[in-house]
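# Structural characterization, general
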Amino acid sequence: MEYNYNEIESRWQKAWREQGVYRTEEVEGRPHYYVLDMFPYPSGAGLHVGHPLGYIASDIYSRYKRLRGYNVLHPMGYDAYGLPAEQYAIQTGQHPAITTEQNIARYREQLDKIGFSFDWDREVRTCDPQYYKWTQWTFIQLFNHYYDEEQRKARPISELVSRLEGTEEWQRMTEGERQDYLMGYRLAYLADIPVNWCAELGTVLANDEVVGGLSVRGGHPVERKLMRQWSLRITAYAQRLVDGLEQVDWTDSLKEIQRNWIGRSEGAAVWFPVDDSQKFEIFTTRPDTIFGVTFMVLCPEHEMISQITTLEHREEVEQYVAWAKNRSERERQAEVKKVSGVFTGAYAINPLTEEKIPIWVSEYVLAGYGTGAIMAVPAHDSRDFAFARHFGLPIRQVVAPEKDAVSDPATWEESLDSKTGYSVNSGFVSGMKVKDAMAAVIDKIEEMGIGHRTVNYRLRDAIFSRQRYWGEPFPVYYKEGRPQMLPEECLPLELPEVGDFKPTATGEPPLGHAKVWAWDEQNRRVVETEKIDNKTVFPLELSTMPGFAGSSGYYLRYMDPRNDEAYFSKEAVGYWQNVDLYVGGAEHGTGHLIYARFWNKFLFDIGLAVKDEPFQKLINQGMIQGRSNFVYRSKQDNNLYISKGLIKNMADVTPIHVDINIVDNDVLDLERFKTWRPEFAEARFELEEGRYVCGWEIEKMSKSMFNVQNPDDLVARYGADTLRLYEMFLGPVEQAKPWDTGGIEGVHRFLKKLWKLYDYYLNNQNTQSNQNADLKVLHQTIKKITDDIERFSFNTSVSTFMICCNTLTDLRCASPEVLKPLLVLLAPFAPHIAEELWHRMGETTSVCTARWPECDEQYLVEDTVKYPVQFNGKMRFTLDLPAAATQQEAVEAVLAAPESAKWLGGKEPKKVIFVPKKIINIVC
RNA sequence: GCGGACAUGGCGUAAUCGGUAGCCGCGCCAGACUUAGGAUCUGGUUCCGCGAGGAGUGGGGGUUCGAGUCCCCCUGUCCGCACCA
C-alpha cells in the first residue's frame, strides 16, 4: 500500500469533525488543563508557515495532555477588530466586515488542513456583538471602579463617594465638579492628555504601538498632541504587575522586558520653593546628590512656567515652549543628543542648602514622567552634565569613588553616574556611602515636611480611544458634556453601518458619519434621528476601542463562550481557573501581555476571575524568517541572467528577487521563469554545469520579496503530518529561524519509512521478531518522547521517532504490543498517519482518545546501551561503582557483565574509556 | 547608552545533573538495484594527517580529576528599551 497522505488526511479530518472528538466540556473528577494560542489577526495575506509554528507546538502539547487523561481546553478564535483588518479593508475598498469575514474563512480553511485539535464550538471573534458586549461591559465596570491604594485593589467608586461625603470640600462642590473630581480616580477615565497622534492613520496610538516616533502599523510619523481621550488607569496596577511576575512561569527575558517597560524606580519627591507663594515638586532617584544641584529644569509643558518666568525672559521662553510643542516625536527623538533650553529668570531655593538655583526649561525633561520637573546634578547625571556644559552652568562634585577622590569637575570628560562611592561636599551626609546618604537625605526631607520617599513608574496609562470605525463602540453618551455609561441591560451597543468608514485627517471619528448614532435616554435605545436635543436624545461617544480591548479578556470568554447572561459563568471559571499554557510571539511582551494581565487583575478584584495572573506558563515561539532567492541580471545586457557561480564582480549585476516557487534547491526553473512575468520572456542565461544557480538571503517573510511559504502548498505536496513534523524538526520552538524547505524531504522520508514498517507488519503478521529487543526500543522511546514533550523539546522528539523507526525496521519488528503504543506516542505530532495505522491495526476507536503508554523501567535499567543500539561501534555502561573504584576494578566489572560477552564475543576491547564514578565506555 | 539572550561540522541542530562533543536530518562522497533517477536501499562524512596520531564547541583566563555546560574579561550576532531624572 502506498502512503497516500492527502487522501488519509482529508478523510480523518472529516471524521474527527463529524465525531466531534475535540469538543470539550467541563467534567468533574478529571484533571483539567488549558492550552491557549494567541489568536490571529485575520489579515488579507492569509497564513504563512510562521503562523502555525506555535499552533503546532501547542497542539502537540494539548493532544499529549488529552492522551494523559486530562480534560483539555484548546480553543481558537479571531482578533478581528483593530487597525490591520481596517487598513486592509481600506486598501481593497471593501467594508471591513466583509473582508474580515473572507479573511476568517481563508484562515479557517488553512488551519483545518493542518489537523489542529481546536474545539471550534468555542470560537470567539472580537467583532461579534455577543463577544464585544462583554468588552463594553468590562469598560463600564472599569469606569465604575477606582484603585484603593490601601487595599491594593479595585473598589466600587461608590465607596470612594461615601468616604468623601463627610468632607467639607465635597459638600462645597457642585454635581459637575464632583463628577470631574471622580474622573481623576476612575480606572477608565476621560482626560485631556498628550497622545501619540498619527495623522496618516487618522487615530491616536498607545505607547506600544509607536516605535521610534513611527507607527508600528505602517510606519507613519507620529506627533504629540493634547487631546480629550479615554484612558485606562493601568498605572494603578504597576506594582502588582511587577509583583505578579514572580508567580508566573515565563522566560526570564520576557519578565525582564515587562519589568523594564513598567520601569519601577525608587526615589524621593521633593518640593522646591520659588518664593513664599509658589513651589514645585520634583522626582529624583538620587536624593543623596541634593547638595550638588546647580540648576532646575522644567519640561516645556510645565504649568509653572508662565507664572515664574520673569518679564525679561518671557519672550524667549514662550518662543522655546512653542517651538518644542510643534516638534514631531520623530524630530525630537532623532535629535536627542542636541541640547536645547532656555532660562526662565526665576530661581528656586534648595531646601537643604538655602541656595538660590536658576530654573531652566528644556525638552530633555519629559512631561509624562515624574512631575515633569527635575533637580539637575550635572556632576552625577550625564544629561544634566551635557546641559551644564552647553550653557556654562556650574558643576559641583558631591560623590567620589573614594573618600578623598575629589577633583575639579571642569576637567571631567563625563559625569560620574555610578551609585557606588561616598558623598562629599554634602553637609551632614559627607563621608557616608551613597546608599546611606540616600536614606539619610530622605529621612531629613520627610522630617522637614518638604518631601517623601516614593516610587515612580515609566509605565503610562493606556490611551483607549481610537478615531476609527472598525472597533468596539464605547457604551457611552454625553450629557452636559460629561460622559454617562449606558445601562448594562442595553449592551451590546452595536457598531452602526456607515457610508464612509475611512478615517479623517482631523481626528473626527468615522462614527460621526452615522446618521442614527445617538442615544435616547428615556427609551434606552439608539435612535434614528439626526436631531440631538440634549434633553432626551444625547450624543454617543464616536471613538471606538483599540485592538487590545478585545484581546485582553478573550481567554476567559473561551471558558463559556455562548453565555448571554455573563462574561463567563462562575462554574466555568471555577473549573478552568486560568490559562495553564500560553503560546505566542514575544512581540506582544509590552502590549497584549501587559494589558491582558491588567484586565485579568481587575476582573479578579471585582470577583470574576479566580486567579490574579491569567497565564501561568508562557512559551514564546520564534519568528520564522523567509529565505529569498535572487537572479542576477547583467548591467550590460538587460536580458542576460548570470548564474551565481559565474559572477566575477557583483557590481556588474543587479540582484532581483525571484519567486521561490520557481526555484528548487537554488536552481531556477528556466521555463517557468520566462513565463513568470512578461519582462523575463526574452531572458537568456549563462549557466554553470547546465543549471542556473540562484543566490539567497534570509529576510523577513513578505509578499514583496516573493519568499512567502504558504502552508497549503506544502500540505498539498507532502501532507499535513510532514509539515507538522518538519516545523518542529527545524529547531527549538522558542528560537527564531529562517524557513528552509531543504530538510523537509528527510522528514517526509521518515513518514514513508514508518508507513512501510507498519505495512510490513500488516503483511507478515505470522513472522516472529525479537520481542525483547522491540520492547526495549519502545520503552526507551516512551521515556524520551515523554521527557521531550514535558520540556517542549519537540525537535528532539522528531529525531527520536526517526531512530525508533529505523531500529524497528532493522529488527523486522512484528509485535503489535510495540507498534500500537508507538502510534499513541506519534499521535500528537502526526495525528493523521497515526490514526490511519491505528485503524489498520484493528482498533475501532480514535487514537486521539487512547491512553498514553507508561514506560516500563525494567527495559531501561538493565543496561544502558543507548540509542542507537549500535552506537558507532561503542557500548556505554552505567554502573553503580563505589566512588573510589579504580579503573582496573571498573573494567573488570564491565567485562564480567553479561552484555559485554554478547557484544565483544570473547574478543578484547579495542579501547576502554573510564570516567570516575559513573561511566565506562568500550570501543569494540 | 541601559537591560537581556545567544555563539558547536558545509547547513539546521543534539549533548536533560559538570562526565564519550557532534545524535537526528539536510547536503556531499562511494556503492547496490535500475533503460533511467530528482525513486529506493547500504556504507562513509568535525578538521589536519597516507598513517600512527594530533587538534577541536567565537577569543583569552580561571575553578575542577574532568568544562560546550560554572566564574571573570574580550569579540561578534540578535532582541527589548531609549533624554524615564
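The structure under discussion appears in the preceding block.
Residue indices follow the written sequence of each chain, beginning from 1 at its first position. Chains and ligands are labelled by the order in which they are written, letters from A for the one and numbers from 1 for the other. Where local features are concerned, this predicted model is filtered to residues with pLDDT of at least 70; where side-chain atom pairs are given and counted, the filter is 80 or more; whole-chain, interface and lining totals use all residues. For side-chain calculations, the full set of non-hydrogen atoms in the structure is used, while hydrogens and water are omitted.

## Description of unusual backbone geometry
Excluding glycine, residues mostly carry a negative phi; peptide bonds, for their part, are mostly trans. Between Leu491 and Pro492 the backbone carries a cis peptide bond, its omega angle lying at 0 degrees. Take Pro492: it is sitting in the loop between strand E21 (482–485) and strand E22 (518–520). Even without a glycine there, the phi angle at Arg152 is positive, about 55 degrees. Of the residues examined, Arg152 reaches a relative accessible area of 38% and is grouped as partly exposed. With a phi angle near 70 degrees, Gln577 is a residue other than glycine that sits in the positive phi range. Runs of H or I in DSSP of at least four residues are treated as helices and runs of E of at least two as strands, each being numbered from the N terminus. Tracing the backbone through its elements, the reader meets Gln577 in the loop between helix H18 (570–576) and strand E25 (579–584). When a residue's accessible area, from a 1.4 Å probe over protein chains only, is under 20% of the maximum for its type it is buried; when over 50% it is exposed; and in between it is partly exposed. Residue classification places Gln577 among the partly exposed positions, given a relative accessible area of 24%.

## Details of the pattern of salt bridges
Side chains that differ in sign of charge can pair as their charged atoms come close. Salt bridges are defined by distance alone: a side-chain nitrogen of Lys or Arg within 4 Å of a carboxyl oxygen of Asp or Glu. All told, the structure shown has 44 salt bridges when counted by the stated rule. Close ionic contact of Arg597 with Glu613 constitutes a salt bridge, the shortest N to O distance being 2.8 Å. Linking Arg597 in helix H19 (residues 592–605) with Glu613 in the loop between H19 and strand E26 (615–620), this pair joins segments that are 16 residues apart in sequence. When sorted by exposure, Arg597 lands in the same class as Glu613, which is buried. Among the charged side chains, a network of salt bridges with common partners joins Arg240, Arg597, Lys601, Asp605, Asp612 and Glu613.

## Some words on the sheet that holds strand E11 (residues 279–284)
Taken in spatial order, the three strands make up an open sheet running E11-E10-E18, and their pairing is antiparallel. Bordering the open sheet on either side are E11 and strand E18 (451–457), each of which pairs with just one other strand. Between one strand axis and the next, the sheet turns by 35 degrees as a mean value, whatever way the strands run. Two strands are said to pair when DSSP picks up at least two bridges between them. By the bridge criterion, six bridges tie strand E10 (residues 264–273) to E11 in an arrangement that is antiparallel. Residue pairing for E11: Trp271 is matched across the bridge by Glu281. Each axis is a line fitted through C-alpha atoms, and for a helix only the stretch in contact is used; angles between axes span 0 to 180 degrees, taken between their N-to-C directions.

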